[in-house]
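Residue-level structural notes
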Amino acid sequence: MMTVPGEYSIKTYRYLRMAMVAMIVLLGAAVVIEWTKTDPSCLQTSISAYYYTPVRAIFVGALITIGVCMVVLKGNTEPEDILLNVAGILAPAVALVPTPGQGTCHSVQVALGDAAANVANNMLALFIVGVPCLILTAVFIVRDRIKNPGRWTPMYLVGLGVAVLIFGGGLVWFFADRSGFIGHAHYAAAIVMFVCIVAVVLLNAEQFRRKQRKHAVPHSPANRYSVIAIAMVVAPLLMVLWNKLFGWDHAVLWIEGTLIVLFAAFWISQTQELWNDGIRQESPRSQASPSPSGSSARE
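What counts, and where the lines are drawn
- Residues numbered from 1 in each chain as written.
- Predicted model: local features only at pLDDT ≥ 70, side-chain atom pairs only at ≥ 80, totals over all residues.
- Heavy atoms only, no water.
- Helix = DSSP H or I, 4+ residues; strand = E, 2+ residues; numbered from the N terminus.
- Buried < 20%, exposed > 50% of the residue type's maximum accessible area, 1.4 Å probe, protein only.
- Contact = heavy atoms within 4.5 Å.
- pLDDT = per-residue confidence, 0-100.
- 1 Å grid on protein atoms, 1.4 Å probe; cavity = no way out; pocket = protein on both sides within 12 Å on 5 of 7 lines; lining within 4 Å.
- Points joined across faces, edges and corners; volume = space filled by probe spheres on them.
- Nonpolar A, V, L, I, M, F, W, Y, C, P; charged D, E, K, R; others polar.
- Phe/Tyr/Trp six-rings, centres within 6.5 Å; stacked < 30°, edge-to-face > 60°.
- Lys NZ or Arg CZ within 6 Å of the ring centre and 35° of its normal.
- Patch = residues over 30% accessible without salt bridge, like charges linked within 9 Å, V, L, I, M, F, W, Y side chains within 5 Å.
- Areas by Shrake-Rupley, 256 points an atom, 1.4 Å probe, with all protein chains shown as cover.
- Salt bridge = Lys/Arg side-chain N within 4 Å of Asp/Glu carboxyl O.
- Core = buried A, V, L, I, M, F, W, Y, C linked by side-chain atoms within 4.5 Å.
- Expected span 1.5 Å × (residues − 1).
- Polar contact = N/O pair within 3.5 Å; in protein donor to acceptor, adjacent residues only side chain to side chain.

Points about the overall build of the chain
When helices and strands are tallied, the chain shows 8 helices and 0 strands. Each helix and strand of the chain, placed in order from N terminus to C terminus, yields the pattern α-α-α-α-α-α-α-α. Expressed as a percentage of the 299 residues in the chain, the buried residues total 41%. Put simply, of all contacts in the chain between residues at least 6 apart along the chain, 75% involve residues at least 24 apart.

In structure tokens form, the structure reads like this:
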């Protein structure tokens, strides 16, 4: 039987996971509502360009919320946790640094004000909060190393190092080249964030495959994560190719939309798989035979 504290932990995982899906649906609903108020053929060239429409508040709020959830949630493995943390760190930057292209499809023109002042204020606030968070993370890692040396792994330091590198690089860029930061930070953060998300799905496809082989589930279903991972790689490549061959003003919009929908499908699928467990127990790569005891993957 699971202890009461354990039940509360699992419920917290469920709520955080469902909150992320809700934020994606919220953003999608806001974009669709804005689209219905314009000409049916009128779409912004990217989801980020809806920052310049009445969608802005939900766009910023949803991305920051998703970013926080990614950082807070523990990945199934240390590599997955690192990738989620990096994506979570970058999500607020995607939200707070607007894409330079404002687009022309909007129901009303939303006043932007001084874009440089907005970025300077909001990103500085983000950096001010981020520094003590990284320091506290380092303190927690050292404390865990002392209290639980057997459970400690060098990957903890790798994760911290990657976070410091991403955060520190952004901080230096912000102060050393403000105009370059305002003009390009959105794209840099968005690209790396999506790459991390695709990598998380690929990792889960491999983990789920090992889990199926370990427990030798009769008539086991197809690896759902592999299907999503293949779609995440193939669909954007086909769209990029189509854009190169024929030109497509809304290629970025559809690539972003496709990746977001597929990520939502992945997150829902993973939530369903781990509904009672919270975290999947990692199976060693060399373990291809079924477990003698036939035990579940619950930790």
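Quick word on the confidence of the model for the chain
Averaged over the chain, the pLDDT score is 86; the fraction of residues at 70 or greater is 89%. Segment residues 284–299 is flagged for pLDDT under 50; beyond a separation of four residues in sequence, or across chains, it makes 27 contacts in the model.

Side note on the layout of surface pockets
Within this model, the second largest pocket holds a volume of roughly 530 Å³. Looking at the second largest pocket, it is lined by 23 residues, and the ones nearest its centre are Ile191, Phe194, Val252, Ile255 and Glu256. No other element matches the 7 residues that helix α6 (residues 178–215) contributes to the lining of the second largest pocket. Classifying every residue of the lining of the second largest pocket gives 15 nonpolar, 7 polar and 1 charged.

Description of the packing of aromatic side chains
Applying the stated rule across the entire model yields 13 aromatic pairs. When the ring of Tyr225 is compared with that of Phe266, the centres are 5.7 Å apart and the planes differ by 70°; the resulting orientation is edge-to-face. Placement of the pair is Tyr225 in helix α7 (residues 224–246) and Phe266 in helix α8 (residues 251–273), with a sequence separation of 41 residues. Note on Tyr225: relative accessible area 0%, which makes it buried. Look at Phe266 and you get buried, because its relative accessible area is 0%. Each member of the aromatic cluster is reached from another via a ring pair, and the members are Phe127, Phe167, Trp173, Phe174, Phe175 and Phe181. In this structure, Arg56 packs its charged tip against the face of Tyr51, placed 4.7 Å from the ring centre. Positioned above the aromatic ring of Phe174 is the side chain of Arg178, whose terminal nitrogen or guanidinium carbon lies 3.8 Å from the ring centre.

Digging into a nonpolar patch on the surface
On the surface, Leu202, Ile230, Val233, Val234, Leu237, Leu238, Leu241, Trp242, Leu245 and Phe246 cluster together to form a nonpolar patch covering roughly 1000 Å² of accessible area. Of all the elements, α7 adds the most residues to the nonpolar patch, at 9 residues. The exposure class assigned to Leu237 is exposed, which follows from its relative accessible area of 56%.

Some remarks on empty space enclosed by the protein
The gaps of empty space that remain are located by a probe, the size of a water molecule, rolled over the atoms. For the structure shown, the criterion picks out 2 cavities of 30 Å³ or more. Counted as a void, the largest cavity has a volume near 270 Å³. Lining the largest cavity are 20 residues, and of these Leu27, Leu63, Met193, Phe194 and Ile260 lie nearest its centre. Put simply, the parts of the chain that give the lining of the largest cavity at least two residues each are α1 (4–36), α2 (56–72), α3 (78–96), α6 and α8.

Quick look at the nonpolar core
By size, the foremost hydrophobic cluster in this structure holds 67 residues, and its most contacted members are Met123, Met232 and Phe263. For this core, the secondary-structure elements that each account for two or more residues are α1, α2, α3, α4 (115–147), α5 (155–176), α6, α7 and α8. For this core, the element with the highest residue contribution is α6, accounting for 13 residues. Apart from the residues within four sequence positions on either side, Met232 is in contact with Ile197, Val198, Val201, Leu259, Leu262 and Phe263.

Some thoughts on α7
With 23 residues, α7 ought to run about 33 Å at 1.5 Å a step, and its terminal C-alpha atoms sit 32 Å apart, in line with that. Those residues of α7 that fall on the buried side of the exposure criterion are Tyr225, Ile228, Ala229, Met232, Pro236 and Met239. One side-chain oxygen of the residue at the start of α7 lies 3.1 Å from the amide nitrogen of Tyr225, identifying that residue as Asn223. Positive backbone phi, at 80°, marks Gly247, one or two positions downstream of α7.

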